[in-house]
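Listed below are the residues making up each chain.
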Amino acid sequence: MSEFNKLGIVINYEFLKHIRRARLWVILGIALLADALVLILIPVLQDGYPDSVLTMAALMTVGPTFAVLGAVFFAGDAIAGEYENKTGFMLFTNPIKKITLWTGKYLAGYIAVTLLIIFTYIITVVSLLVIYGEVPFDTLKSWGLAQLYGAAVLSVTFFFSSISKGSMGATIITLVFIWVISG
C-alpha cells in the first residue's frame, strides 16, 4: 500500500473521529448560536440594523471566529492523544510514516475547520442578502483570511500537541497562547 493511500485512510479515519466525538456538531452549534445572537440582539440594542452593509458584515464575523477556534478542539489531542492513549502502538502492525500520520491528521482537521468556516459564511451571506439585498465583495476577502487564520491556529495547536505530554495540556496551552499572548 502506498503512502498516498495510507494518507487517505488517516484523513478519513480522523475526520470520522471528529464526527463521532460530536466536536464538529458542537462547534457548529456554537457558531450558529453566536450568529443568531448577533442577528437578534443588534436590532434590539440599536433600534434596527446598521445602515451600512459593511458594518453588519463585520458584526457577523463572530461565527467564523468561533469556527476557527474550533481548530483548537480538533487538533488539541491529535499528536499528544496518540501517546497519551497509547493508540500509536497499534500502528506497529501496519507501519505508517510519522509524516503521513501527522499530515493526515492535519488535513482532516483542516477539512473540519473549512466546513465550519463555510457554514458560518453561508449564514453571513444569507443574512446580508435578506437584510440588505447585497453582499459586499470584502466578505470573500474575509473568508480567505478566515481560512488562513484557521490553518495557522491548526498549525499552532499541532505544535503544542506535539510537545505536550497530554491532550488537555495542549488544548489549554494553545488557547492561552492564542487568546492571551497573541490576542
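Details of the structure are given in the entry above.
Our subject in this report is the structure included herewith. (Residues numbered from 1 in each chain as written. Predicted model: local features only at pLDDT ≥ 70, side-chain atom pairs only at ≥ 80, totals over all residues. Heavy atoms only, no water.)

1. What about the packing of helix 2 (residues 23-46) against helix 6 (residues 98-132)?
Alright, step 1. Packing of helix 2 against helix 6 leaves a shortest axis separation of 10 Å and a crossing angle of 20 degrees. Here helix 2 lies roughly parallel to helix 6, going by the angle between them. Where helix 2 crosses over helix 6, the two elements pack in a sense that is right-handed. Between helix 2 and helix 6, the residues in contact are L24, I27, L28, A31, L32, D35 and L39 and A112, L116, F119, T120, I123, S127 and I131, respectively.
Alright, step 2. Across the contact of helix 2 with helix 6, the residue classes break down as 11 nonpolar, 2 polar and 1 charged. (Axes fitted to C-alpha atoms, helices over the stretch in contact; angles between N-to-C directions. Helix = DSSP H or I, 4+ residues; strand = E, 2+ residues; numbered from the N terminus. Parallel < 35°, antiparallel > 145°, perpendicular 65-115°, else oblique. Left-handed = near helix turned anticlockwise from the far one by under 90°. Contact = heavy atoms within 4.5 Å. Nonpolar A, V, L, I, M, F, W, Y, C, P; charged D, E, K, R; others polar.)

2. Looking at the packing of aromatic side chains
Alright, step 1. Counting across every chain of the model gives 4 aromatic pairs.
Alright, step 2. A centroid spacing of 5.5 Å and a plane angle of 65 degrees characterise the contact between F160 and F177, whose relative ring orientation is edge-to-face. Here F177 lies in helix 8 (residues 167-181) and F160 lies in helix 7 (residues 138-163), a separation of 17 residues in the sequence.
Alright, step 3. Classification of F177 as partly exposed rests on a relative accessible area of 29%.
Alright, step 4. Through pairs of rings, three or more aromatic residues link up here, namely Y106, Y110 and F158. (Phe/Tyr/Trp six-rings, centres within 6.5 Å; stacked < 30°, edge-to-face > 60°. Buried < 20%, exposed > 50% of the residue type's maximum accessible area, 1.4 Å probe, protein only.)

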